[in-house]
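Fold and geometry: a report
As a plain string of letters, each chain reads:
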Amino acid sequence: RGVPEAPDTVQFPAARNPLTIIRSAEPRAETPSPSPGPLPSRLTLSPALAGRELLQAPDLAIAARTSTPVEPSQYLIGVSDRGEVRFVFLQDSSGNPEIDAAGARSLARAAFSQHGAAVTWGHVTISWGDEVLLENPK
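Residues numbered from 1 in each chain as written. Predicted model: local features only at pLDDT ≥ 70, side-chain atom pairs only at ≥ 80, totals over all residues. Heavy atoms only, no water.

Some thoughts on the overall build of the protein chain
- Secondary structure summary: the protein chain contains three helices and six strands in total.
- Along the protein chain, helices and strands appear, N-terminal first, in the series α-β-α-β-β-β-α-β-β.
- Computed over the C-alpha atoms, the radius of gyration of the protein chain is 31 Å, more than 25% above the 14 Å expected from 2.2 N^0.38 for a compact globule of 138 residues.
- Based on the C-alpha atoms only, the size of the protein chain along its principal axes is roughly 100 × 50 × 25 Å.
- A buried classification covers 27% of the 138 residues belonging to the protein chain.
- In the protein chain, of all internal contacts separated by at least 6 residues, the share reaching a separation of at least 24 is 77%.
- As presented, the protein chain carries roughly 10,200 Å² of accessible surface, and 55% of it is formed by carbon and sulfur atoms.
- Of the charged side chains in the protein chain, 12 are positive and 15 negative, and the gap between their average positions amounts to 3 Å. (Helix = DSSP H or I, 4+ residues; strand = E, 2+ residues; numbered from the N terminus. Rg over C-alpha atoms; globule rule 2.2 N^0.38 Å. Buried < 20%, exposed > 50% of the residue type's maximum accessible area, 1.4 Å probe, protein only. Contact = heavy atoms within 4.5 Å. Areas by Shrake-Rupley, 256 points an atom, 1.4 Å probe, with all protein chains shown as cover. Lys, Arg positive; Asp, Glu negative; His and termini not counted. Charge placed at Lys NZ, Arg CZ, Asp CG, Glu CD.)

Points about empty space enclosed by the protein
- Enumeration over the complete set of coordinates arrives at one cavity of 30 Å³ or more.
- Here the largest cavity defines a volume of roughly 40 Å³.
- Leu43, Leu45, Leu54, Pro58, Ile77, Val85, Leu107, Ala110, Phe112 and Val124 together form the lining of the largest cavity.
- Within the lining of the largest cavity, the residues separate by chemical class into 10 nonpolar, no polar and no charged. (1 Å grid on protein atoms, 1.4 Å probe; cavity = no way out; pocket = protein on both sides within 12 Å on 5 of 7 lines; lining within 4 Å. Points joined across faces, edges and corners; volume = space filled by probe spheres on them. Nonpolar A, V, L, I, M, F, W, Y, C, P; charged D, E, K, R; others polar.)

Quick look at the sheet that holds strand S4 (residues 85-92)
- Strand order in the open sheet formed by four strands is S1-S6-S3-S4, with antiparallel pairing between adjacent strands. The open sheet has two free edges, formed respectively by strand S1 (42-45) and S4, since each of these has just one partner strand. Along the sheet, successive strands turn relative to each other by an average axial angle of 25 degrees, direction set aside.
- Sheet analysis places S1 next to strand S6 (residues 119-127), joined by four bridges and oriented antiparallel. From the neighbouring strand, leucine 45 faces S6, where its bridge partner is valine 124.
- Set on the sheet, helix H3 (residues 97-108) makes contact with S1, strand S3 (73-80), S4 and S6; between it and S3 the angle comes to about 20 degrees. (Pairing = 2+ DSSP bridges. Axes fitted to C-alpha atoms, helices over the stretch in contact; angles between N-to-C directions.)

Some details on the pattern of salt bridges
- In the structure shown here, the tally under the stated rule is two salt bridges.
- Between glutamate 84 and arginine 82 there is a salt bridge; the shortest N-O distance is 3.1 Å.
- Note that arginine 86 and glutamate 84 form a salt bridge whose closest N and O atoms lie 2.7 Å from each other.
- Here glutamate 84 falls in the partly exposed class, since its relative accessible area comes to 32%. (Salt bridge = Lys/Arg side-chain N within 4 Å of Asp/Glu carboxyl O.)

Description of the pairing of S4
- Where S3 lies against S4, six bridges are found, and the strand directions are antiparallel. Looking across to S4, one finds that tyrosine 75 is bridged to leucine 90.

Overview of the nonpolar core
- Counting residues in each nonpolar core, the largest one holds 18 residues, and the members touching the most others are Ile62, Ile77, Ile99 and Trp128.
- If you list the elements that add at least two residues to this core, you get S3, H3 and S6. (Core = buried A, V, L, I, M, F, W, Y, C linked by side-chain atoms within 4.5 Å.)

Scope: geometric values only; no functional claims are made or implied.
Structure follows, in structure tokens:
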């Protein structure tokens, strides 16, 4: 007969600090998450227009307001060789005709740097921010 095998030993986790155990049972005050700041409207240019410097950005602070969030508006614009916006065509509506029309008027007042091409065509997307929403919707 051989020597009997040693029984398996029980392994215990390392001891924890007693104060840590007591503090883990204390109720915790919920820290309020910070509210997101206002989301401004922003302009995105297609590559054909992004290659030209935007000398006078369109004013996206428009007077039209809505009580519901709107989708971005997309326009096809034609910019002359002198940098003037000559053509503005609505491609995708935001769902609000007043906001779309105000965006088109604003784009018509933009100015780009001069370029050799007679007309440069490109898409402009306006992602409408919180300023187009009514303060107190009824």
